[in-house]
Amino acid sequence: MPDSALRSPRLRTRQAPVGLPHWAALPAGLAVAFLGLPLLAMLSRVSWGQFPALVTSESSRAALALSLRTSVAATVLCLLLGVPLALVLARARFPGQHLVRALALLPLVLPPVVAGIALLYTFGRRGLLGETLQVAGIQVAFSTTAVVLAQTFVAMPFLVISLEGALRTVGQRYDEVAATLGASPTTVLRRVTLPLLAPALASGTVLAFARALGEFGATITFAGSLQGVTRTLPLEIYLQRETDADAAVALSLVLVVVSAVVIAVSRRTRSPW
Amino acid sequence: MSLHLAASVPDRQLDVALERPGGTSLAVLGPNGSGKSSLLGVLAGLLAPARGRVELDGRTLLDVDATGVRAWVPAHRRRVALLAQDPLLFPHLDVLDNVAFGPRSAGLPRREARALARRWLGEVDAGDLADRPAHALSGGQAQRVALARALAAEPELLLLDEPLASLDVDVAGAVRATLGRVLAGRTTILVTHDVLDVALLADDVVVLEAGRIVEAGPARDVMRMPRSAFAASLFGLNLVTGVAIGPEALRTPDGWIVAGLADQPLSQGEPALAVFQPAAVSVHLHAPSGSPRNTVAGLVTALEPLGHLVRVRVGDLKADITPAAVADLGLVVGNRVHLAVKAAEVTLDPAPTREGSPRR
């Protein structure tokens, strides 16, 4: 550890800020207040005495368990499909590539309700694939599977974006060296590309998980709201708000805490090299 | 383990053919952008030529002609390892596992691969680094480890792309000595800008200019008697080209007549070149009279310190004279001077044809 005198703020050299007009502090402060106040307002409404009972009620526990289960499943699906998609987008060259990239990012800007409708017309009983699935005895819409599909649909772009960017930053030089050392493309992916991407993979996964956990619009449209089957925590909060505002606030706090943990984890995952 | 290469990469203006006997090392010289790295890329399987054919030890690594790709062995099955200026050690592995990477990829169990890696680390004098993380090495250490990693993959052809260029002079010297030891008897292609690499590591030399081979020959001959402007400048020699006007004289396009000594008499009217040391050139303010010398007049374009001498540049010509002589002559840039060189100091030779006649 360096001498403590060196660490005192008095002696530390500081970068003089350039390109930061003084007036920027005002709107920046407003922004912080705008983002922070609602959280405070909600916290002020939490009835702490009832909190344990509210978040452990049967419907709350069912919703929380369902949310965690479906979000994990959706995150796994995002990884299985999104990692190869990011690889292809970053490294392959093919006609129509920019269209594929735009398609992969579409769920970021698409209203989730619209995503739900689109999924319904794909996997619903009368949907594009739904009819075939129906014949095979598989019904997707309004099932837990539908929740996972809705969450995967809206969460995948978060993973793909962060991975594709990282792939471009890392470049292909390490992969080329690995290939000249005799590693097959799959070995290169497993032993070089993915380990080098670990930080981006971790933060992309966390972001995708958070997005899946918070999914509402596509879920209620495509999967409905059946307790224990499709009623995830956000849906439960929305419904409770009508009947039991205290329960809604308590459950909201649970989601805030989960989100805060997610952000903390993703901030921690910095490149070790 | 002979190597045959013919490749044309129009995007990079590369069009070369070369033939290497196994177990020898070839230095590839040339200005930046002349296609040296593209050449290595074609051999390593990282760059697909528009047309070309590469054979290594009887195996066809690639065969592409106008009708399409007839053969393409991907990089990982070529047994061609590449060591670049940047060691590119895998940052998530320690030194030992970096070196064990090739053997592991070849299917060796972890224990055996690591044992092999230790042996190669010892071979390049880096045995004590085995347990370090890859990012905790100095430049020279990292390059030794990268060399061990390349060798541990047991390549049949080793490609080196300016492997010492980013190292300090004394570190480069030590790593060069190691390279000299481990490259002996290996088929190697070495891209370099360093005369020491040529002198100590290369059996033969090719010079690339704008993607074409303009000179090829044994390293010793090229250093003594370069035939391309690039090689002459790299090895610090004066090179003058022109047309033979007698068995031991040529005339440059500017009309300067250079007399010298030729191993074989020049044929009159044929292209010829003359090579001489800058130290053999004397500088005068007035045209020297008396003994028969080759003289040419010109303006001083630069004065550069060069060890204990001063290099006087007059156009493309160089004369190395003492600082005292510079002071006596009162030389400054822009002076008009006469350069003189004794015929006995000038070596004359027929000029190669443009397509680079390998003289071997």
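Note that the coordinates shown come from a computational prediction; the quantities given were computed from them, not determined experimentally.

J.: Describe the overall build of chain B, listing the residues and the values that go with them.
T.: Of the regular secondary structure elements, chain B holds 10 helices and 23 strands. Considering only C-alpha atoms, chain B reaches an extent of 80 × 50 × 30 Å along its principal axes. Taken over 360 residues, chain B has a buried fraction of 43%. Here the contacts in chain B between residues at least 6 apart in sequence split such that 65% fall between residues at least 24 apart.

J.: Go over the overall build of chain A with me, naming the residues and quoting the values.
T.: Assigned secondary structure in chain A consists of 13 helices and zero strands. When the elements of chain A are put in sequence order from the N terminus, they spell out α-α-α-α-α-α-α-α-α-α-α-α-α. Seen through its principal axes, chain A has C-alpha atoms that stretch 65 × 55 × 35 Å. Within chain A, contacts between residues at least 6 apart in sequence are counted, and of these 74% link residues at least 24 apart.

J.: Pulling in residues and values, what's your account of helix 4 (residues 110-123) of chain B?
T.: All names here are of chain B. The end-to-end C-alpha separation of helix 4 is 20 Å, in line with the 20 Å expected for 14 residues at 1.5 Å each. Three or more residues of helix 4 are buried, namely Ala113, Ala117, Trp120 and Leu121. All buried residues of helix 4 lie within an arc of 100° about the axis, which places them on one face of the element. Facing away from the buried surface of helix 4 by more than 90 degrees, the exposed residues are Arg111 and Glu112. Along its buried surface, helix 4 packs onto helix 2 (95-99), helix 3 (101-105) and helix 5 (139-152). Just beyond helix 4, the residue with positive phi is Asp125, at close to 60°.

J.: Account for the nonpolar core, naming residues and giving values.
T.: In globular proteins that are soluble, nonpolar side chains generally tend to be buried together. Of all hydrophobic cores here, the largest spans 154 residues; its most connected members are Ala150(A), Leu163(A), Val28(B), Leu43(B), Val99(B), Ala148(B) and Leu159(B). No fewer than three residues from each of domain 1 (3-224) and domain 2 (236-350) of chain B sit in this core. Not counting the four nearest positions on each side in its chain, Val99(B) is found in contact with Ala117(B), Trp120(B), Leu121(B), Val145(B), Ala148(B), Arg149(B) and Ala152(B). Among the nonpolar cores identified, the runner-up in size contains 10 residues, and Leu54(A), Ala63(A), Val249(A) and Ala250(A) belong to it.

J.: I'd like a description of the sheet that holds strand 17 (residues 281-284) of chain B, backed by residues and values.
T.: Residue and element names in this part refer to chain B. One open sheet holds the three strands; their spatial order is 17-22-18, and the pairing between them is antiparallel. Each edge of the sheet is formed by a strand with only one pairing partner; in this case those strands are strand 17 and strand 18 (293-299). Neighbour-to-neighbour, the strand axes of the sheet open up by a mean angle of 25°, direction not taken into account.

J.: Describe the confidence of the model for chain A, and please don't skip the residues or the numbers.
T.: All names here are of chain A. Looking at chain A, pLDDT values average 89 and 93% of them are 70 or higher. Ranking the elements of chain A by mean pLDDT puts helix 1 (residues 4-7) last, at 49, and helix 9 (residues 173-180) first, at 95. Across residues 1-6, confidence stays below pLDDT 50; counting only partners more than four residues off in sequence or on other chains, it has three contacts.

J.: Got a sec to walk through the interface of chain A and chain B? Specific residues and values, please.
T.: On the chain B side, the residues contacting the 16 residues of chain A number 18 residues. Looking at the side of chain A that touches chain B element by element, the count peaks at seven residues for helix 9 of chain A. In terms of residue class, the side of chain A that touches chain B is made up of 10 nonpolar, four polar and two charged.

J.: Any chance you could break down unusual backbone geometry for me, citing the residues and the numbers?
T.: Residue and element names in this part refer to chain B. One non-glycine residue, Asp125, adopts positive backbone phi at about 60°. With respect to the element layout, Asp125 can be found in the loop between helix 4 and helix 5. Phi at Glu154 takes a positive value of approximately 50°, unusual for a residue other than glycine. Within the element layout of this structure, Glu154 appears in the loop between helix 5 and strand 8 (157-161).

J.: Could you give an account of the pairing of strand 17 of chain B, with specific residues and numbers?
T.: Residue and element names in this part refer to chain B. Only one face of strand 17 is buried: it carries Val281 and Val283, and the other face, with Ser282 and His284, is open. Taken together, the four bridges between strand 17 and strand 22 (residues 336-342) define a ladder with antiparallel strand orientation. By the bridge assignment for strand 22, Val283 is matched with Leu339.

J.: Give me the lowdown on the sheet that holds strand 13 (residues 249-251) of chain B, citing residues and values where you can.
T.: Residue and element names in this part refer to chain B. Overall, mixed pairing links the six strands, which are arranged 14-13-12-16-23-15 in an open sheet. Where the open sheet ends on each side, the last strands, each with one partner, are strand 14 (257-259) and strand 15 (261-262). Bridge count between strand 16 (residues 271-276) and strand 23 (residues 347-350): four bridges; the pairing is antiparallel. Along strand 23, the bridge assignment pairs Ala274 with Leu348.

J.: Outline the domain arrangement of chain B, listing residues and values.
T.: Once the domains are mapped, chain B shows domain 1 (3-224) and domain 2 (236-350). Using only C-alpha atoms to locate each centre, domain 1 of chain B and domain 2 of chain B end up separated by 39 Å.

J.: Give a description of the confidence of the model for chain B that names residues and reports values.
T.: All names here are of chain B. Put simply, chain B has an average pLDDT of 91, and 96% of its residues get 70 or more. Predicted confidence for residues 354-360 stays below pLDDT 50, and this span has 11 contacts to residues more than four positions away or in other chains. The ipTM assigned to the predicted complex is 0.82, against a pTM of 0.82.

J.: Describe the pairing of strand 21 (residues 317-321) of chain B, naming the residues involved and giving the relevant values.
T.: All names here are of chain B. In terms of burial, strand 21 is largely enclosed, as four of its five residues are buried. As paired elements, strand 20 (residues 309-314) and strand 21 share five bridges and run antiparallel to each other. Looking at the pairing, Val312 lines up with Ala319 of strand 21. Hairpin connection of strand 20 to strand 21: two residues between the antiparallel strands, including Gly315 at a positive phi of 60°.

J.: Requested: an account of the environment of Ser38(B), with residues and values cited.
T.: Residues and elements named next belong to chain B. With respect to the element layout, Ser38 can be found in helix 1 (residues 36-44). Residue classification places Ser38 among the buried residues on the basis of 22 C-beta atoms within 10 Å. Linking Ser38 and Thr241, residues 203 residues apart in sequence, is a C-alpha distance of 29 Å. Contacts of Ser38, omitting those with residues within four sequence positions, involve Val9, Arg12, Leu14 and Leu47.

J.: Pulling in residues and values, what's your account of helix 2 (residues 25-45) of chain A?
T.: Residue and element names in this part refer to chain A. Taking 1.5 Å of rise per residue, the 21 residues of helix 2 would be expected to cover 30 Å, and the 30 Å separating its terminal C-alpha atoms lies within 8% of that figure. For helix 2, the principal kink sits at Gly36 and spans about 30°; a proline, Pro38, occurs within the next four residues. Little of helix 2 sits out of view: just zero of its 21 residues are buried.

Reading guide: rules and limits
Residues numbered from 1 in each chain as written. Chains lettered and ligands numbered in written order. Predicted model: local features only at pLDDT ≥ 70, side-chain atom pairs only at ≥ 80, totals over all residues. Helix = DSSP H or I, 4+ residues; strand = E, 2+ residues; numbered from the N terminus. Buried ≥ 20, exposed ≤ 12 C-beta atoms within 10 Å, placed from the backbone. Contact = placed C-beta atoms within 7 Å. Expected span 1.5 Å × (residues − 1). Arc of directions from axis to C-beta. Core = buried A, V, L, I, M, F, W, Y, C linked by C-beta atoms within 7 Å. Domains from an automatic or database assignment. Pairing = 2+ DSSP bridges. Axes fitted to C-alpha atoms, helices over the stretch in contact; angles between N-to-C directions. pLDDT = per-residue confidence, 0-100. Nonpolar A, V, L, I, M, F, W, Y, C, P; charged D, E, K, R; others polar. Bend = angle between axes of the 7 residues up to and from the residue.

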